[in-house]
Each structure stands twice: as structure tokens, then as C-alpha cells.
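# Summary of the model geometry
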Amino acid sequence: MARTVKTKYLVIGNSAGGIGAAESIREADRKGKLILISDEPYPAYSRPLIAEHLAEGRPLEKMLYRPADFYEKNGISVMLGRKVTALDSQNHIVKLADGKTIDWQKLLLATGGSPIVPAIEGTDLNGVFTFTTLDDARAIDDFLNQYHREVRAVVIGGGLIGMSATDALVKRKVRVTVVELKDRILNTILDEEASALEAAALEQAGVDIITGQTVQRIDSSLTSEIGGVTLEDGRSIGCEMVVLAIGVRPRLELVNGGGMKTNRGIVVDRHMATSETDIYACGDVAEGYDFIYGENRLTPVWPNAYIGGRVAGLNMAGTPMEYSGGTAVNALKYFGENVVSAGVVAPPDGGYEVIANKTGHIYKKVVLKDGLIIGMVLAGDIETSGIVYNLMKDRVDVSGFKEVLVDDDFGLVSLPESIWRPMLEIPADIKEASVTSVEPPEEVLVGE
Amino acid sequence: MKRVYVNEAVCIGCHLCEVYCQLQHAQSKDLVKLFKRENPRTLPRLRVEERGIVSFSVRCQQCDEAPCVQACLTGALARDSLSGTVAVDPERCIGCWTCLLFCPLGAIRQNEGQDKMIKCDLCPGEEVPVCVTNCPNEALAYVEV
Ligand SMILES: Cc1cc2nc3c(=O)[nH]c(=O)nc-3n(C[C@H](O)[C@H](O)[C@H](O)COP(=O)(O)OP(=O)(O)OC[C@H]3O[C@@H](n4cnc5c(N)ncnc54)[C@H](O)[C@@H]3O)c2cc1C
């Protein structure tokens, strides 16, 4: 029986973006009816943690992004394992796979991305996996549990998800070969130097890396099992399983063919509003403002999804709020290597200034343009990297002190006093009334 | 809520705040054991920075719209509704370091095993955080702002 439910707010996608919105809607509007819907059957879990699930069996309870009573406590009707199949933006209605319809006043599309499956032979074989959901991790786990000997895997794609899968598989004692089309792994988020550090760490862990190559075909042995893969250069690599990790594409199926403005993702303004009235978008599905490029771009990382969702939710609930923007920003910890990066890490031409410092195992680099930081990569010593990231995000002119940014012992004290003092000291108006008196330093020596 | 502020003019960079912080959070609560035998060793949740005659200690300022909480991949970081502090659930922290990349103060630290973040918790159970009480020069103040 078809049935219609009415709601004030409808959020499609129960992950970083959806939760960010649900939380901020509830900050602004305690009561308005809010439905959160997802085709995944689980309460919101931390997607990156699927690697921990695969590697060490981390249970769902320890992957939950919010406490188990989150929905109930916040008066959120959550519909799990339910898929939205059609969107009618004119009439403010969505249709679910089971025929039900939901009538909404404000809608958020936080539908994320879906893994790209390359158009090659053999992707339908047993043992071919993607790696973006808990169910993917569970399927790989089940697959590995059938074997009582070493399993060999080929991971297609040396990006973030490929690294995450590889790290987990190695922890499960799987022998992994990574096949990367470009000339180095993690090429979109790291520069050559940091890529090389990661590659060395992978190789140290026994992973084979093949670059400048792609898999042309996944070969079957008997009975629809994988026998190996054939590369474009004709080489074949024996394996029992393949992980497809060439990328994630915004999940646009609900808006394709409609009038909503899309590019690679759904285009949103600084309020996270789409071109259609009362419809917002955030996270991996959206092209939000990138403060480095000064234009809309896909920046598919968890924090940006949450923050974008938060902004969308406030606007949906009638509290105007601007998205300050995001950019590509990543922290990696694979194979014991701590690396962070953000913005433009490998400048495309000579119009940029690069300042770098490599001392032993520590690597720090910033990319500048017109006095502003537009990119950064740090490896080894990353504790104070947030200071650099925020100077970049706040568009602070660093020309006067740029060299210190990559110092071995870089910290707030490396910056001009006008920056650190207001961050650390009591605001002047309150200082008057504060308990501690300020005496000239000469008079307060310890031990007197 | 109350926060710890620095009075740079009277800080002499003695690092006692670090030592007391470390001691407060150590399992052994004993300075000698902490430094000689604890493994992994508890590290301070704040950092003394020095350049020439300038010195001060840096710790989490428990930001209102805390960027680390918003960035946290796992939900391990959250504002504690009772104390108002930004608190981490070590069970759920996986040491992904995203928080640290978002912290404008660089105030988040890595534990010795480099698998969890550690941060200032304003010393639960103490009326005044131990870095403040033990600062010999009143270079730290615990003030309602
Ligand atoms: C293995 C892995 C490791 C990662 N590591 C990191 C990392 O270290 N740091 C980082 O910042 N980011 C990382 N990411 C990326 C991060 O997970 C994403 O950026 C983030 O999940 C995006 O959140 P989102 O809310 O936009 O979408 P998603 O998390 O993709 O969630 C969208 C949800 O909407 C549901 N949905 C979509 N369409 C419909 C529909 N029609 N009906 C019902 N439900 C629907 C989907 O099933 C999904 O549950 C990683 C991702 C993966 C896969």
C-alpha cells in the first residue's frame, strides 16, 4: 500500500553530511519533524573505520559516529535500509523503493559517492570487491575467512581508498599488489616526495606497487573464481581477489535528468543551497566552495561533509549561515607513516613559491602564491600542522615570515606576536578584572 | 566556561607546566616512575614554545565551535555536556590525526605510541588545572571568559 509521510525536514544520507545537518537542524529547531533516511541498514558509522573493521574486526558498536541513543535523544525519525528512488523537486516529494512517498518542506541531499567500477572484463567475478561501505568490508572479511592459506590481492588504484584497503589487507596477512595508473601512488593528495615516503613504507610492508599501468582484464580460473589480472602491457599477476579503488563518483541518480544544476557534483552556493528551491546538498555529492581555488569543487573528505552539512542544516532551519569553504585536506597514517596534506601540493607551473625542509625522516613543505599559503604537505612531524592549515584557510599573508613555516620546531611562537598573542592571552577587557596581576618580568624571578 | 590563559610577559619557560601535566595524567602519579619506567610514557598535553626571550605554553582552548570536533572522523571527539570541555573518547580515537590538522593552535598532541591523540582536559577532579596551580610565576591564569 502506498502511503505518504509528511515531514518538515528530510535528509537523504545518514553519514557525515547527514549527521552534520541533523545536529544543526536540532540546534536551531528542537521540534520540527526531521526524517533521516539511508539505504544502508546501520546507524551512522565512521566510513573510514571500515578499514579497522576489516583489519582487526572492530565491531559496529565501536564504529558508531554518534552514541546509540542519538536519534531518539534528538527526536529524529531514522529510516534505515530504505532507498529513495525518485525526487520530484517541484512538488516536494520523494519516492522510496517500497512505493512509499515522503512529502518534505526542506530537503538535504547528502547521498555521498559510489565507487567507480571500471569498464573491464571480469568485474562480476567472485572475489571482486569495492571498498566504501561496511558491507564491502564484511564481504571481504567473509571471503578471506574461507582461505587457510595466503591470499593474494590486486588493489586497482593507489589513492586514499586503495591505501586504506591495502593497509587493512596487509594487516590480514594478504599479499597485496597495488596497480596505479599514474606514475606514483596518492598522486592527487601528495607531492612526489611524500608519495615516495608512502611508497617506501608500503614496500617495507611487503606490498608490490606497479605504477603507470592499469588492469585490462580480470581473469577467471574455473567456476567464476579469479585467477589473476592482466595488465595493459600484457603482464599477468596471479591473485584470488581484486579491490576496485579507482575512485568515487558523486551519487547523482536522484537529480540526473532533472533541472538541478550539476557539474561533476551538485553545485551549491555558500548556503549549501542547490539551484532548486528548498533543496540543499553537501558532502561527497556536492561541489561546494573551495577557498584555495575560489570556486566550487568536489572536496570529498569527511570533515568537509560534516561542516557543509552543518551549514546546510542551519540554513534549512532558517538560521542563515555561510559555508567558509573547504579544500582537499587529508591526514594519513597508513603503514605507520604520519602524513598530512592540504590544498595544492604539487604546483602545476612556475608561478608558485615552494618552501621545503627535509631533515632525516621529517618533511615539511608549503606552497605559496602571492603571499598566501595554497598548499602544504608534512610528514613525520605533524603536530603543529594545524597552525599552517589555519593560516592557509584564513588567507593570512605570510610573506613576512614564510620561512619559519617549515622549521623543525615550528609552533605558534614562530609566528608574529600579533598572531599568537590574541590566541593565547586573556582578552584585554577581561584582563582588568582577572586575578593575576601583571608585573614587569624583571621583578618576578623564581627562587627569590 | 573557564579557560587557561597565558601571561607571556612573566613566563620564564621553566617547563614545570609540562611536568605537572604529565604527572597528573600518568598512571603511576610518581615522577621517577613516570620518567624512568612507564612504558608507554604519558606525555604532556600541552607544549612549551620558546624563541629567544619569548616563551609560553600552548594547550587546547576548548574552542566554542571546535574545529577538531567537527573534523573528527570517528566521533571520538565531542563536547562534554557537563564540564564543557572538548573531550576525547580514547576507545574511539584511531589516531587518524585529522583533528590535529584542523587545530589552529597546534594544541593536539600524539601519545607516545602515536596511535591516539591526547589533549588538555583541564584536569577533571581538580578545581584548578595543575599547570596553573604549579606555575611558579603566575604565567598561567584560569579565568572565566
Ligand atoms: C575506505 C575509506 C577511507 C576513507 N578515509 C578517509 C579519511 O581518512 N579522511 C577523510 O576525510 N575521508 C575519508 N574518506 C572519505 C569519507 O568517508 C567521505 O568523504 C564521507 O563519507 C562523505 O560523507 P557524505 O555524508 O557526503 O557521504 P557518504 O558517507 O557516502 O554517505 C552517503 C549515504 O547516503 C546513502 N544514500 C545515497 N543515496 C541514497 C538514496 N537514494 N537513498 C537512500 N540512501 C542513499 C548512502 O548509502 C550512504 O549511506 C574515506 C572513505 C573511504 C571509503
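Just so we're clear, the structure is a prediction, and the values are computed from it rather than from any experiment.

What counts, and where the lines are drawn
Residues numbered from 1 in each chain as written. Chains lettered and ligands numbered in written order. Predicted model: local features only at pLDDT ≥ 70, side-chain atom pairs only at ≥ 80, totals over all residues. Heavy atoms only, no water. Pairing = 2+ DSSP bridges. Helix = DSSP H or I, 4+ residues; strand = E, 2+ residues; numbered from the N terminus. Right-handed = clockwise from strand over helix to strand, strands pointing away. Expected span 1.5 Å × (residues − 1). Buried < 20%, exposed > 50% of the residue type's maximum accessible area, 1.4 Å probe, protein only. Near = heavy atom within 4 Å. Polar contact = N/O pair within 3.5 Å; in protein donor to acceptor, adjacent residues only side chain to side chain. Areas by Shrake-Rupley, 256 points an atom, 1.4 Å probe, with all protein chains shown as cover. Nonpolar A, V, L, I, M, F, W, Y, C, P; charged D, E, K, R; others polar. Contact = heavy atoms within 4.5 Å. Buried area = accessible area lost by both parts, 1.4 Å probe. Salt bridge = Lys/Arg side-chain N within 4 Å of Asp/Glu carboxyl O.

## Notes on the pairing of strand β11 (residues 208-211) of chain A
Residue and element names in this part refer to chain A. Inspection of the sheet shows strand β10 (residues 175-180) paired to β11 by four bridges, in the parallel sense. Looking at β11, one finds that Val179 is bridged to Ile210. Crossover handedness for the path β10 to helix α6 (residues 192-204) to β11: right-handed.

## Observations regarding helix α7 (residues 302-316) of chain A
Residue and element names in this part refer to chain A. Taking 1.5 Å per residue, 15 residues should reach 21 Å; α7 reaches 21 Å between its end C-alpha atoms and fits that length. The buried fraction of α7 amounts to 15 of the 15 residues, a majority that puts the element mostly inside the structure. Count one or two residues on from α7 and you reach Gly318, which has phi positive near 90°.

## A short note on the sheet that holds strand β20 (residues 295-297) of chain A
All names here are of chain A. The three strands are arranged β17-β19-β20 in an open sheet whose pairing can be described as mixed. The outermost strands of the open sheet, each flanked by one partner alone, are β17 (266-267) and β20. Judged from the three bridges that link them, strand β19 (residues 286-290) and β20 form a sheet pairing that is antiparallel. Bridging across to β20, Asp290 finds its partner in Glu295.

## Section: the site of the ligand
In the vicinity of the ligand lie 33 residues, with A:Ser15, A:Asp39, A:Glu40, A:Arg47 and A:Asp284 positioned nearest. Around the ligand, the neighbouring residues derive from chains A and B rather than from a single chain. Between the ligand and A:Ser38 there is a distance of 3.4 Å, counted from an oxygen atom to a side-chain nitrogen or oxygen. A distance of 2.8 Å is found between an oxygen atom of the ligand and a side-chain nitrogen or oxygen belonging to A:Arg47. The protein chains hide 96% of the 1000 Å² of surface that the ligand would expose on its own. Within the residue set of the shell around the ligand, elements represented by two or more residues are α1 (16-28), α5 (160-171) and α7 of chain A. The residue makeup of the shell around the ligand, split by class, is 16 nonpolar, ten polar and seven charged.

## Remarks on the interface of chain B and chain A
Each partner contributes residues to the interface: chain B has 48 residues there, and chain A has 53 residues. Note on chain B versus chain A: buried area summed over both sides is about 4400 Å², and carbon and sulfur give 60% of it. At the junction of chain B with chain A, the criterion picks out five salt bridges. Counting the contacts that link chain B with chain A gives 19 residue pairs in polar contact (both at pLDDT 80 or more). Within the residue set of the side of chain B that touches chain A, elements represented by two or more residues are β1 (2-6), β2 (47-51), β3 (54-58), α3 (67-71), α4 (98-102), β6 (109-110) and β8 (140-144) of chain B. Of the residues contributing to the side of chain B that touches chain A, the split by class is 26 nonpolar, eleven polar and eleven charged.

Functional significance is not addressed by these values, which are geometric in nature.
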